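Each chain is listed here by its residues.
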Amino acid sequence: MQFKICNDSEELIAESAAFIADVCRSAENDCYIGLAGGKTPKPVYQLFGQEDIDPTRIHLFLTDERYVPHDNAESNYHMIETSLLKQHEGQWGSVHAFDTERSIDDALSQYEVEVQAIPEGSFDLLVLGVGPDGHIASLFPGFVVLDTPAHIVHTTTDVHSVHDRLTITAPVIMNAKKVLVLLSGQEKKAVFDELSSQTRNVSEFPAHILQTHRDATLYYST
Ligand code: 6PG
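In this report, the structure presented in the accompanying data block is examined. Everything numeric in this text was worked out from a predicted model, so none of it was measured.

What follows is about the overall build of the protein chain. Assigned secondary structure in the protein chain consists of 6 helices and 10 strands. The C-alpha atoms of the protein chain give a radius of gyration of 16 Å, which matches the 17 Å a tight globule of 222 residues would have. Projected onto the principal axes, the alpha-carbon positions of the protein chain cover approximately 40 × 40 × 35 Å. Relative to its 222 residues, the protein chain shows a buried fraction of 52%. For the protein chain, the exposed area adds up to about 9700 Å²; of that, 47% sits on carbon and sulfur atoms.

What follows is the structure, given as structure tokens:
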């Protein structure tokens, strides 16, 4: 994993938006990007939408979702819609979200098919945040399974907002060509220390799987 330490959150936002845009511009063909929810990426997505990109060649997927309607303030779709999708509306190559109007099982099967259809079976880029407990996407401690054939699973949390979650699995994360990890704020210092240490205990701290990813870059600012 590569570590980029930023002077402040403004620098982190600018550098990581430029990073995502560079991945899009350097893709030979269309570009497949998975976007996490949470607070940290929101301003990054906003700025990414203003970069010099061709949205028609960019296919956007949510990495995970809270099982609430899309117009709920807790919905990751809602955050991504307001920060990014409203820009270039109707011009994106495609936009893939979990259909939370359907049952959890139906939403999972539909999204499984959409993720399986990604060319070469791997995202060009995943943008991930990390929770204080080390969760990535909605893979909470105890939910990391490395040898599952599933691309999408149902997980639950009693610690974070919205109990039922739908998420990409650890193999999907490990197969992504690149991963961009965003950590911002003093409250993420312990996560940064954990990821820059040699410790590896993925069942207790899911983000530890990123330490052995082939091309993961972490941007951090206090
Ligand atoms: C979610 C996410 C989750 C998030 C981390 C970090 O739905 O909450 O996809 O994995 O990225 O919890 O969130 P913050 O950036 O808000 O700290």
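What surrounds the ligand is a group of 17 residues, the closest being Lys39, Thr40, Arg66, Ala137 and Lys188. Side-chain polar atom of Asp64 to an oxygen atom of the ligand: 2.8 Å apart, as the coordinates give it. Each residue belonging to the shell around the ligand can be placed in one class, and the counts come to 5 nonpolar, 7 polar and 5 charged.

Enumeration over the complete set of coordinates arrives at 9 salt bridges. Between Arg25 and Asp22 there is a salt bridge, and its shortest N-O distance comes to 2.7 Å. In this pair, Arg25 and Asp22 both sit in helix H1 (residues 9–26), 3 residues apart, roughly one turn of the helix. Arg25 gets classed as partly exposed once you look at its relative accessible area, which sits at 40%. Asp22 gets classed as partly exposed once you look at its relative accessible area, which sits at 42%. Linking Lys86 and Glu89 is a salt bridge whose minimum nitrogen-to-oxygen distance equals 4.0 Å. Residue Glu89 is classed as exposed on the basis of its relative accessible area of 53%. The structure contains a network of salt bridges with shared partners spanning Asp22, Arg25 and Glu51.

Considering all chains together, one arrives at 0 disulfides under this definition. Of all cysteine sulfurs in the structure, the one in Cys24 sits closest to Cys6, which takes part in no disulfide; the separation is 19 Å. In this structure Cys6 comes out as buried when scored by relative accessible area, which is 7%.

In spatial order, the strands read E1-E10-E9-E6-E2-E3-E5; together these 7 strands make up an open sheet with parallel pairing. Either end of the sheet is taken by a strand with one partner, and the two such strands are strand E1 (2–5) and strand E5 (94–96). Ignoring which end each strand starts from, the neighbouring axes of this sheet average 15° apart. The sheet contact formed by strand E3 (residues 58–62) and E5 spans 3 bridges and is parallel. The partner of Leu60 across the bridge, within E5, is Val95. Here helix H3 (residues 76–85) sits on the sheet and contacts strand E2 (31–35), E3 and E5; the angle it forms with E3, its principal contact strand, is near 150°.

On to the packing of aromatic side chains. For the coordinates displayed, the defined rule picks out 8 aromatic pairs. The structure contains a cluster of three or more aromatic residues connected by ring pairs, namely Tyr32, Phe61, Phe98, Tyr111 and Phe123.

With respect to topology, 3 strands assemble into an open sheet ordered E4-E8-E7, the strand pairing being antiparallel. Edge strands, defined here as strands with exactly one partner in the open sheet, are strand E4 (64–66) and strand E7 (152–156). Going from strand to strand, the sheet's axes swing by 20° on average, the running direction of each strand aside. Two strands pair when backbone bridges link them, and E4 and strand E8 (residues 164–168) are joined in this way by 3 bridges, in the antiparallel orientation. By the bridge assignment, Arg66 is partnered in E8 with Arg165. Helix-sheet contacts for helix H4 (residues 104–116) involve E7 and E8, and the interaxial angle to E7 is about 140°.

Attention now goes to the nonpolar core. In this structure, Ile33, Phe48, Phe123, Val127, Leu128, Ile173 and Leu210 are the most contacted members of the largest nonpolar core, which totals 71 residues. The leading source of residues in this core is H1, at 8 residues. Each residue touching Phe123, except ones within four places of it in the same chain, is listed here: Tyr32, Ile33, Gly34, Phe61, Val115, Ile118, Val172, Ala176, Lys177 and Lys178.

Cut-offs and rules
Residues numbered from 1 in each chain as written. Predicted model: local features only at pLDDT ≥ 70, side-chain atom pairs only at ≥ 80, totals over all residues. Heavy atoms only, no water. Helix = DSSP H or I, 4+ residues; strand = E, 2+ residues; numbered from the N terminus. Rg over C-alpha atoms; globule rule 2.2 N^0.38 Å. Buried < 20%, exposed > 50% of the residue type's maximum accessible area, 1.4 Å probe, protein only. Areas by Shrake-Rupley, 256 points an atom, 1.4 Å probe, with all protein chains shown as cover. Near = heavy atom within 4 Å. Polar contact = N/O pair within 3.5 Å; in protein donor to acceptor, adjacent residues only side chain to side chain. Nonpolar A, V, L, I, M, F, W, Y, C, P; charged D, E, K, R; others polar. Salt bridge = Lys/Arg side-chain N within 4 Å of Asp/Glu carboxyl O. Disulfide = S-S within 2.5 Å. Pairing = 2+ DSSP bridges. Axes fitted to C-alpha atoms, helices over the stretch in contact; angles between N-to-C directions. Contact = heavy atoms within 4.5 Å. Phe/Tyr/Trp six-rings, centres within 6.5 Å; stacked < 30°, edge-to-face > 60°. Core = buried A, V, L, I, M, F, W, Y, C linked by side-chain atoms within 4.5 Å.

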